[in-house]
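# A structural walkthrough
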Amino acid sequence: MDLSAIVLAAGRGERLGADKAHVELGGATAIERVCAHLRELACDEVLVVRRQGAAPLPAGLDVERIDCDTDAMLETLRAAWRARRATLRARVLVFPIDYAMVRADTLRTLLSGGAPITLPLCRGRVGHPLVLAREVLAEIDDPAIQSLRDVIRREPSRVGVVEVEDGFVLRDIDTPADLLAARGVLANAVPATELLARHRSRRAWRDEAVGDAQLRWLVDSARRSATSSFIQAASVVAVRDRATKERIAALCSDQAQIREAPVFLAIVADLRRIARACERSGRRMNADTLEVFVEATIDATIVGQSLALAAESEGLGTCMIGAARNHPRDLAALLGLPRHAFVVFGMALGWPADDPLPRERLPLDAVLHDERYDDTRTDTALAAADEALRAWARRSNERASPGTRRIDEARGWSDRMAFLFGGDRPHKGRQNLGPELREMGFGLDGVSGRDSCGGIEGS
Ligand SMILES: Cc1cc2nc3c(=O)[nH]c(=O)nc-3n(C[C@H](O)[C@H](O)[C@H](O)COP(=O)(O)O)c2cc1C
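These numbers come from a predicted model, not from an experiment.

## Concerning the overall build of the protein
Of regular secondary structure, the protein possesses 17 helices and 14 strands. With the principal axes as the frame, the protein shows a C-alpha extent of 85 × 65 × 50 Å. Here the protein holds 459 residues, and the buried ones make up 47% of them. Restricting to contacts in the protein with at least 6 residues of sequence separation, those with at least 24 account for 76%. Accessible surface for the protein amounts to roughly 23100 Å². Of this, 50% is attributable to carbon and sulfur atoms. Of the charged side chains in the protein, 64 are positive and 67 negative, and the gap between their average positions amounts to 3 Å.

So this is what it looks like as structure tokens:
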């Protein structure tokens, strides 16, 4: 390989409240995880820089420890360079321990780059770790160099990037929220189909924050979903402010899981950018049709479901909130939505504290038809769905703590649907929804041509 690795593990972990090298990640410490990857890569030597007096490294790592009296990144790297310059190989992987979640295959991809300075590039941003030619690393001896960035910027022609998909080249472990996210990813590393099968809506939360870096990563992933005609008519408003969440909860049937969740996400059907694009070319948006309304709603829904799945893939829990359509205008005003935008549904997001039994869905044969819809299966499907819901009620009651309201074990799914939809008044009337959506700039008519969106709109 002709490769040395320098693992920078001298930080005090003040924000994390723990020595980063020793935090547990998927059954091993961070330093063990990194060293296992480096062994897999057949690194010729591994140097681990520690602050003087820092806890010993786990036994059996087969690394050389170098102590230094500072935890400033450049100085720790200098300490390694000065101590081992004679033996360092042609290429040096500089690996801050904060990036311990980076996968071995990502490192292999990174090492395929041949530039004197090779950086991982993920979703348009460069991250860590990086690979330096030995003679480039030697430049840190120059006292004029203040940071590794100075070396990188000296000569842009020396810098090469390698595209990777591993978001952990960008997501360091710096805070307790980062650590929770990292552990969540490791604990949920299963195929997407298994994640889907594990899904449950969650309504109680641990008192732990959802980190901003994690939230940004999740939304950045979800926003890549398919979109009708590339209109990208979805936005997400993330609310963490306690008072705002209280007011949102009040507009959404006072559901406690909204108030108590660390984050409320409003999943928005958003034609504002299209209205603005039209305006900038001197045109009036003509989107006053049911079809455009449906398209925007589908776009938002797809982003919302992708976001829920992404969140669940990192161990977070979600509860979608249809009650966000109770008072669409008031909620839009509270969130400062422009005209042509409405909250399709909300999502309470957090680290789940409850453990509900999964609710069995309708049988596959009722949902998947071969070539043509087979209505003869419907009654069998209802019988199966009824029994599944009753079994779920029985098992939930058995598990419930004393004092919890019991679920009616006699009621099947079809009874429930008949109750919800078979009354004199429409289910969840929300009679205000249509008129309010029209006022907010959505047409709900089947035909286009009438420009009731108001032409050139301001927000
Ligand atoms: C668009 C949408 C809106 C929802 N709105 C609410 C809501 O306002 N409150 C709530 O507690 N659950 C809400 N849910 C969650 C459903 O009740 C839940 O998905 C369903 O009962 C199945 O349970 P499961 O998700 O645990 O499998 C909503 C789900 C969806 C898809």
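From this point, the narrative continues.
## Some thoughts on the domain arrangement of the protein
It is common to give the size of an interface as the accessible area lost on bringing the parts into contact. Under the domain assignment used here, the protein contains domain 1 (3-169), domain 2 (195-356 + 436-459) and domain 3 (372-428). Taken over C-alpha atoms, the centre of domain 1 sits 56 Å from the centre of domain 3.

## What to know about the site of the ligand
Taken together, 13 residues sit near the ligand, with His199, Ser201, Arg203, Gln255 and Gly322 positioned nearest. Here a nitrogen atom of the ligand sits 2.7 Å away from a polar atom, N or O, in the side chain of Gln255. In isolation the ligand has 620 Å² of accessible area, and contact with the protein removes 67% of it. For the shell around the ligand, the leading source of residues is strand 13 (residues 317-321), giving three residues.

## Focus on helix 9 (residues 242-251)
What helix 9 keeps buried is the set Thr244, Lys245, Ile248, Ala249 and Leu251. Taken down its axis, helix 9 places every buried residue within 160° of arc, on the same side. In helix 9, the exposed positions angled more than 90 degrees off the buried face are occupied by Arg242, Arg247 and Ala250. Among the residues trailing helix 9, Ser253 stands out with phi positive, at a value near 55°.

## Some details on the sheet that holds strand 12 (residues 263-270)
Strand order in the open sheet made by the four strands is 11-12-14-13, with antiparallel pairing throughout. Lying at the two open borders of the sheet, with one neighbouring strand each, are strand 11 (234-239) and strand 13. Here the strands of the sheet are splayed against their neighbours by 25° on average, with no regard to which way each runs. Note: strand 11 against strand 12, six bridges, orientation antiparallel. Paired with Ala234 across the two strands is Ala269, which belongs to strand 12.

## Digging into a nonpolar patch on the surface
Residues Leu290, Val294, Ile298 and Ile302 make up a contiguous nonpolar surface patch of about 280 Å² in total accessible area. Along the chain, Val294 turns up in helix 12 (residues 290-312). Residue classification places Val294 among the partly exposed positions, given a relative accessible area of 32%.

## Some thoughts on the nonpolar core
Core analysis: the biggest nonpolar cluster contains 58 residues, and Ile248, Leu265, Leu335, Phe342, Val343, Leu349 and Leu437 have the highest contact counts within it. Element by element, the count of residues in this core is highest for helix 12, at nine residues. Of all hydrophobic cores here, the second largest spans 41 residues; its members include Cys43, Met101, Leu179 and Val185.

## A few points about a positive patch on the surface
Together, Arg203, Arg359, Arg361, Arg411, Arg416 and Lys428 make up a positively charged patch on the protein surface. Position of Arg361 relative to the elements: it lies in the loop between strand 14 (341-350) and helix 14 (364-367).

## Thoughts on the side chain of Ser4
For Ser4, the position within the fold is in strand 1 (residues 3-8). On the basis of relative accessibility, which here comes to 0%, the residue Ser4 falls in the buried class. Other than its neighbours up to four places away in sequence, Ser4 contacts Cys43, Glu45, Leu88, Arg89, Arg91, Val92 and Leu93.

Conventions adopted
- Residues numbered from 1 in each chain as written.
- Predicted model: local features only at pLDDT ≥ 70, side-chain atom pairs only at ≥ 80, totals over all residues.
- Heavy atoms only, no water.
- Helix = DSSP H or I, 4+ residues; strand = E, 2+ residues; numbered from the N terminus.
- Buried < 20%, exposed > 50% of the residue type's maximum accessible area, 1.4 Å probe, protein only.
- Contact = heavy atoms within 4.5 Å.
- Areas by Shrake-Rupley, 256 points an atom, 1.4 Å probe, with all protein chains shown as cover.
- Lys, Arg positive; Asp, Glu negative; His and termini not counted.
- Charge placed at Lys NZ, Arg CZ, Asp CG, Glu CD.
- Domains from an automatic or database assignment.
- Near = heavy atom within 4 Å.
- Polar contact = N/O pair within 3.5 Å; in protein donor to acceptor, adjacent residues only side chain to side chain.
- Arc of directions from axis to C-beta.
- Pairing = 2+ DSSP bridges.
- Axes fitted to C-alpha atoms, helices over the stretch in contact; angles between N-to-C directions.
- Patch = residues over 30% accessible without salt bridge, like charges linked within 9 Å, V, L, I, M, F, W, Y side chains within 5 Å.
- Salt bridge = Lys/Arg side-chain N within 4 Å of Asp/Glu carboxyl O.
- Core = buried A, V, L, I, M, F, W, Y, C linked by side-chain atoms within 4.5 Å.

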